[in-house]
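A structural walkthrough
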Amino acid sequence: MIVLDHIVKVFNKGKVNETTALADVSLQINKGEFVVMIGSNGSGKTTLLNIIEGAQKTSGGRVFINNNDVTGLPEHKRSKWIARVFQNPYNGTASELSVLDNFRLAALRTGSRKLTIGINGSFQETVTEKIATLGMGLENKIHLPMGGFSGGQRQALTLLMCTMDHVDILLLDEPTAALDPKSAAVVLRLTEQLIKEYSLTALFITHNLKDALQYGNRLIQMQEGKIMRDLNAAEKAKLALPDMYEWFG
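We now turn to the structure provided with this report. One numbering rule holds for all chains: residues counted from 1, following each sequence as written. Only residues with pLDDT of at least 70 get local features here, since the model is predicted, and only at 80 or more are side-chain atom pairs given and counted; chain-wide, interface and lining totals rely on the full set of residues. Note: side-chain values were computed over all heavy atoms of the structure, leaving out hydrogens and water.

Think of it this way: DSSP has to see at least two bridges between two strands before they count as a pair. Note on conventions: DSSP H or I runs of at least 4 residues are helices, E runs of at least 2 residues are strands, and numbering of each starts at the N terminus. Taken in spatial order, the six strands line up as S6-S7-S8-S3-S9-S10 in an open sheet, and their pairing is mixed. Two strands bound the open sheet, and with one partner strand each, they are strand S6 (82-85) and strand S10 (226-231). For this sheet, the mean angle separating the axes of adjacent strands, direction not counted, is 20 degrees. The strands that helix H5 (residues 151-162) touches are S6 and strand S7 (169-173); relative to S6, the one it contacts most, it runs at about 180 degrees. With axes taken as lines fitted to C-alpha atoms, and helix axes fitted only over the stretch in contact, angles between N-to-C directions fall between 0 and 180 degrees. Note on definitions: a residue-residue contact is assigned when non-hydrogen atoms from the two residues lie within 4.5 Å.

Quick look at the structure:
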C-alpha cells in the first residue's frame, strides 16, 4: 500500500523560476490496485513517481509504503518494495552485459542482496523459462548483450526482471511511449499479466487515452500539480474516449 500525505514538491524555491510540481497531494493506493495516471506535460505525474520511489525528496508531507514511513529513505533503501520501468527502454538495464547477467543483477536488487545468488544451472533454467513465456523467441539468446535487442524486447525483459525477486510496487513511467504499436501492445499485455500473477500494486503513467481506458482498475487525472479526478473501477467503466478528450479541452 502507498500513502502520500499532503505532498508538496517545489523546484528552485525562492528563485525567479520557482515551480510547484506537486501542490498538497494526498493519495492512497491500496494493495493490488492497478492505477492509471494521465495528465498533460508538467502536471506532476513523473514527479509523483519520483517521490514514491525516493528519486526526489519532498518539500513537504510524508510518504508511507506498507505502513512504513519512508519519507527520509533514499531510493536504494526503498528498492526492496519498488521496481520501476522507464519510458526509455535503454534505461534500467546494462547494455554491455548479457541478458542473463542483467537478470542476475535484478535478482540481487532488493533487500537481502545475497551473494550466494550466482549464475548456476538452476538460475539459468529459471531465467530461460521466464523469458520463454514471452513468446518472442528470446530464451535462446540469454548470453547475448542486452544492448543488441529492440526497445520492445528490452521493455518486456525489464518487466520480467522486476519479478525476479519479491517486490510489492511497480512504477511504470510511460513504458510504451517509445515503442511501435505492436511492441507496445505486447508490453501492456505482459504488464497486466504480471500485476495479476504477482498481486502487484501498480501505478502506470500514459499519454495514450485508449490505453488509459483499457487498462487498470482506477484512473487518476493530474493537472498543475493536483489530482483533478480519481475514478474507481465502476466509474472508470462508464467512461468513453470523448469524455476523456473533453478533460483536456
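Next comes the rest of the write-up.
Paired through their backbone hydrogen bonds, the strands of a sheet run either parallel or antiparallel. Across the sheet, which stays open at both edges, the four strands sit in the order S2-S1-S4-S5 with antiparallel pairing between neighbours. Of all strands in the sheet, those with a lone pairing partner are strand S2 (19-29) and strand S5 (68-69), marking the two edges. Of the strand pairs in this sheet, strand S1 (residues 2-11) and strand S4 (residues 60-65) are connected by five bridges, and their pairing is antiparallel. In the strand pairing of S4, Leu4 is matched with Val63. Sheet strands touched by helix H1 (residues 45-53): S1, S2 and S4. Its angle to S1, the strand with the most contacts, is close to 120 degrees.

Position of Thr176 relative to the elements: it lies in the loop between S7 and helix H6 (181-197). Under the relative-accessibility criterion, Thr176 is labelled buried at 10%. Thr176 has contacts with Ala184, Val187, Leu188 and Asp211, leaving out every residue within four places of it along the chain. Think of it in three bands: with a 1.4 Å probe and only protein chains considered, a residue is buried below 20% of the maximum accessible area for its type, exposed above 50%, and partly exposed in between.

For the rest of this paragraph, the subject is the side chain of Asp211. Examined against the element boundaries, Asp211 turns out to sit in helix H7 (residues 209-214). Charged residues are defined here as Lys and Arg on the positive side and Asp and Glu on the negative side; His and the ends of the chain fall outside this count. When a carboxyl oxygen of Asp or Glu lies within 4 Å of a side-chain nitrogen of Lys or Arg, that pair is called a salt bridge. Within the buried core, Asp211 has no salt-bridge partner, and the shortest N-O distance to an opposite charge, that of Lys210, equals 8.6 Å.

Okay, the pairing of S6 next. Side chains Ile82 and Arg84 project from S6 onto one buried face, and the interleaved Ala83 and Val85 project onto a second face that is buried too. Relative to S7, S6 is paired through four bridges, and the arrangement is parallel. Residue pairing for S7: Ala83 is matched across the bridge by Leu170.

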